[in-house]
There are 2 protein chains.
Amino acid sequence: MIALTNTTLIAIGGGLDLQKPSRVIKEFLLHCGGSQACIVIIPTASRHKDTGERYQALFQSLGVERLPCLLEIRQRAEACNQDYVPAIEAATGIFLTGGNQVRLTAILGGTPVEAALHRAYQQGAVIAGTSAGAAALSAIMLAFGKDGATPKQSMAQFSPGLGFTDRMIIDQHFRQRDRLGRLLFAVANHPGILGIGIDEETAAILEGDILTVIGQNAVTIIDGAHLRGTDIADIKHTYPIALSDARVHVLTQGCTFNLKNRRASIPEKGGNIE
Amino acid sequence: MIALTNTTLIAIGGGLDLQKPSRVIKEFLLHCGGSQACIVIIPTASRHKDTGERYQALFQSLGVERLPCLLEIRQRAEACNQDYVPAIEAATGIFLTGGNQVRLTAILGGTPVEAALHRAYQQGAVIAGTSAGAAALSAIMLAFGKDGATPKQSMAQFSPGLGFTDRMIIDQHFRQRDRLGRLLFAVANHPGILGIGIDEETAAILEGDILTVIGQNAVTIIDGAHLRGTDIADIKHTYPIALSDARVHVLTQGCTFNLKNRRASIPEKGGNIE
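Predicted model only: the values in this text are computed from it and were never measured.

A. Looking closely at the overall build of chain A. Helix and strand counts for chain A stand at 8 helices and 17 strands. Radius of gyration (C-alpha) of chain A: 18 Å, near the 19 Å computed for a compact globule of 274 residues. Oriented by its inertia axes, the alpha-carbon framework of chain A measures out at about 50 × 45 × 30 Å. The buried share among the 274 residues of chain A stands at 58%. Counting only contacts in chain A whose residues sit at least 6 apart along the sequence, the fraction spanning at least 24 positions is 74%. Surface exposure of chain A reaches about 10,700 Å², of which carbon and sulfur atoms provide 48%. Looking at charge distribution, chain A has the averaged site of its 25 positive side-chain charges lying 3 Å from that of its 25 negative ones.

B. Structural context of the relation of the copies chain A and chain B. With an RMSD of 0.0 Å, the operation that places chain A on chain B is a rotation of 180° combined with a shift of 0.0 Å along the axis. Expressed as a symmetry operation, the mapping of one chain copy onto the other fits a two-fold axis. When each C-alpha of chain A is compared by its distance to the rotation axis, F158 of chain A comes out closest, at 2.5 Å. Of the interface residues in chain A, 100% have counterparts in chain B that sit at the interface too, so the contact is made through matching surfaces.

C. Spotlight on the interface of chain A and chain B. Contact with chain A, which involves 40 residues of that partner, is made by 40 residues of chain B. Surface buried jointly by chain A and chain B totals about 2,800 Å² across both partners, of which 55% is contributed by carbon and sulfur atoms. Three residues, R76, P160 and H190 of chain A, lead the burial of chain A against chain B; their summed loss comes to 21% of the area buried on that side. Our count for the contact surface shared by chain A and chain B stands at 4 salt bridges. R47 of chain A is the partner of D234 of chain B in a salt bridge, and the nearest nitrogen-oxygen pair spans 3.3 Å. Elements with a contribution of two residues or more to the side of chain A that touches chain B: α3 (76-79), α5 (101-108), β7 (157-160), α8 (180-189) and β13 (229-230) of chain A. For the side of chain A that touches chain B, the residue count by class is 19 nonpolar, 15 polar and 6 charged.

D. Representation of the sheet that holds strand β15 (residues 247-252) of chain B in the model. All names here are of chain B. Reading across the sheet, the 4 strands line up as β8-β9-β12-β15 and stay open at both edges, with mixed pairing between neighbours. Unpaired on one side and paired on the other, β8 (168-172) and β15 mark the two borders of the sheet. The average angle at which neighbouring strand axes cross in this sheet is 20°, direction not considered. Across 4 bridges, the pairing between strand β9 (residues 194-198) and strand β12 (residues 218-223) is antiparallel. When the sheet's bridge partners are listed, I198 is paired in β12 with V219.

E. The arrangement of the side chain of S159 of chain B in detail. Looking at the element boundaries, S159 of chain B is found in strand β7 (residues 157-160). Among residues more than four places away in sequence, those in contact with S159 of chain B are F158 and N189 of chain A together with V102, A139, I140 and M141 of chain B.

F. Expanded view of the sheet that holds strand β4 (residues 93-96) of chain B. All names here are of chain B. The strand order β3-β2-β4-β5-β1-β10-β11-β16-β17 describes an open sheet built from 9 strands, whose pairing is mixed. Two strands close off the open sheet at either side, each with one partner strand: β3 (69-70) and β17 (263-265). Where strand β2 (residues 39-42) meets β4, 4 bridges bridge the pair, whose relative direction is parallel. Directly across from V40, in β4, lies its bridge partner I94. Along the sheet face, helix α1 (residues 23-31) touches β1 (8-12), β2, β4, β5 (126-130), β10 (202-207) and β11 (210-215) and points at about 25° away from the line of β10. Lying over the sheet, helix α2 (residues 51-61) contacts β2, β3, β4 and β5, oriented at roughly 155° with respect to β2.

G. The pattern of salt bridges, seen in detail. A complete count under the given rule lists 21 salt bridges over all chains for this structure. Between R103 of chain A and D234 of chain B there is a salt bridge, with its nearest N and O atoms 3.2 Å apart. Of this pair, R103 of chain A sits in helix α5 while D234 of chain B is found in the loop between β13 (229-230) and β14 (243-244), placing the two residues in two different chains. On the basis of relative accessibility, which here comes to 11%, the residue R103 of chain A falls in the buried class. Look at the salt bridges and you will find they share partners, linking R47 and R103 of chain A together with D234 of chain B into a network.

H. A look at the nonpolar core. By size, the foremost hydrophobic cluster in this structure holds 138 residues, and its most contacted members are I94, L108 and L211 of chain A together with I94, L108 and L211 of chain B. Each residue touching I94 of chain A, except ones within four places of it in the same chain, is listed here: F28, V40, I42, I88, L117, A120, A125, V126, I127 and A128 of chain A. Formed by 23 residues, the second largest nonpolar core is a distinct cluster that contains Y55, V64, F95 and A128 of chain A.

Reading guide: rules and limits
- Residues numbered from 1 in each chain as written.
- Chains lettered and ligands numbered in written order.
- Predicted model: local features only at pLDDT ≥ 70, side-chain atom pairs only at ≥ 80, totals over all residues.
- Heavy atoms only, no water.
- Helix = DSSP H or I, 4+ residues; strand = E, 2+ residues; numbered from the N terminus.
- Rg over C-alpha atoms; globule rule 2.2 N^0.38 Å.
- Buried < 20%, exposed > 50% of the residue type's maximum accessible area, 1.4 Å probe, protein only.
- Contact = heavy atoms within 4.5 Å.
- Areas by Shrake-Rupley, 256 points an atom, 1.4 Å probe, with all protein chains shown as cover.
- Lys, Arg positive; Asp, Glu negative; His and termini not counted.
- Charge placed at Lys NZ, Arg CZ, Asp CG, Glu CD.
- Least-squares fit on C-alpha atoms with pLDDT ≥ 70 in both.
- Buried area = accessible area lost by both parts, 1.4 Å probe.
- Salt bridge = Lys/Arg side-chain N within 4 Å of Asp/Glu carboxyl O.
- Nonpolar A, V, L, I, M, F, W, Y, C, P; charged D, E, K, R; others polar.
- Pairing = 2+ DSSP bridges.
- Axes fitted to C-alpha atoms, helices over the stretch in contact; angles between N-to-C directions.
- Core = buried A, V, L, I, M, F, W, Y, C linked by side-chain atoms within 4.5 Å.

Here's what the structure looks like:
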């Protein structure tokens, strides 16, 4: 296994073109060893039978020498199989595909596979997820939400995620599916947790306290720590909720955000899109 | 401050009679120093103006010598006030009243008060909550749910709690409000997280890995780690969800549950109700 000293989480906003590999996929590979990467693909979120194979072909087309290991886990009984554990523990990068995030947690939650993923992460393996795979990375996960820019009561469901970070809630297909409202709703519920909205073909890379943005579009960060007020506890049904003084950062390629002091850093010459 | 070597969390299922102090209140006092306890009361969840004062009187009637410190935090601006921090840091016991759990997280989340509570907890202060105050203790919190024994899709809202434990989801007024369905729904979403349903006048005391039950009624524990299957990811709207092989423990006074090996221990002669 390639020695990595820090934990690395890569949340990708979905919309990946598997025919024409995007910068975010290349960046994932760079982080887990380039051509020497030892990759595990988990397509559990997806209902399409060929999802895993398509990523396997993609990573091979980008020069990964070792055949990425495909864990076709479709049921809890399979996630309880200890046979998958050695592959996960040997991985330098683990990739969770898109699909339905509740499938990921309902199938993997509390199983030996989930435990092995956490051990691998602590030991330096890069954990990446796209779309549903990105949503499931956080301890609290958004699912089954409604679109729209106005936050409304109960407009999204939170549920327990895989828990690689408890400092943020990750939303994806962010601008493309108009999800500002549900991220504001999430932050109003607990203003201490950062809301991270990731656009398609874009990724947030979390290394220690530093989140770095890469890709074509933007990552929107909602920081509620300085929220002055919200009426969320009193609003009934699905009426709009009010909140004031949420801080919003829209960050593009090359921008960083420090989770400790909650400061964004924007490169002087703008993001360095190639 | 009285030296305590472990963290202690006391989740109370609500329904406390403040005129006739119940065993759970006395047990809270015992854990935080008896007559020498240095108590902080946080009535933020409640909309009643006298909630905090009623608990203050209750603790005094039970022989607590020092006047319990009442933090009347009703708005975020107050929770951002550093003046409250020293009282929290000096406390041997902190009591969160009932009310609305979303009010607790929306007002305290991400503030200096929340940070001070976590520091106090790590330093040995007992953190106790009843009803909404109990629900908010966990990292993932149940709110706005529907009653009934059958788990149904989206029948409860999860939202981010105060996060004193990330190993369980706590529900309260459990048997009295018929909440088995929503706890099963919660566990099906992520079977790795324990569902803890606490009846009224009953408490779960978490010290390290050991949960101990005290009080008049029962604590129901749903362990999903051995769940064989659930269709929760595919069920639409509010239709019932299926799940198989959830393990259920119903524990009464004196019973314990080990969170590490997930084994319950029932005293030979039954719970020692006085």
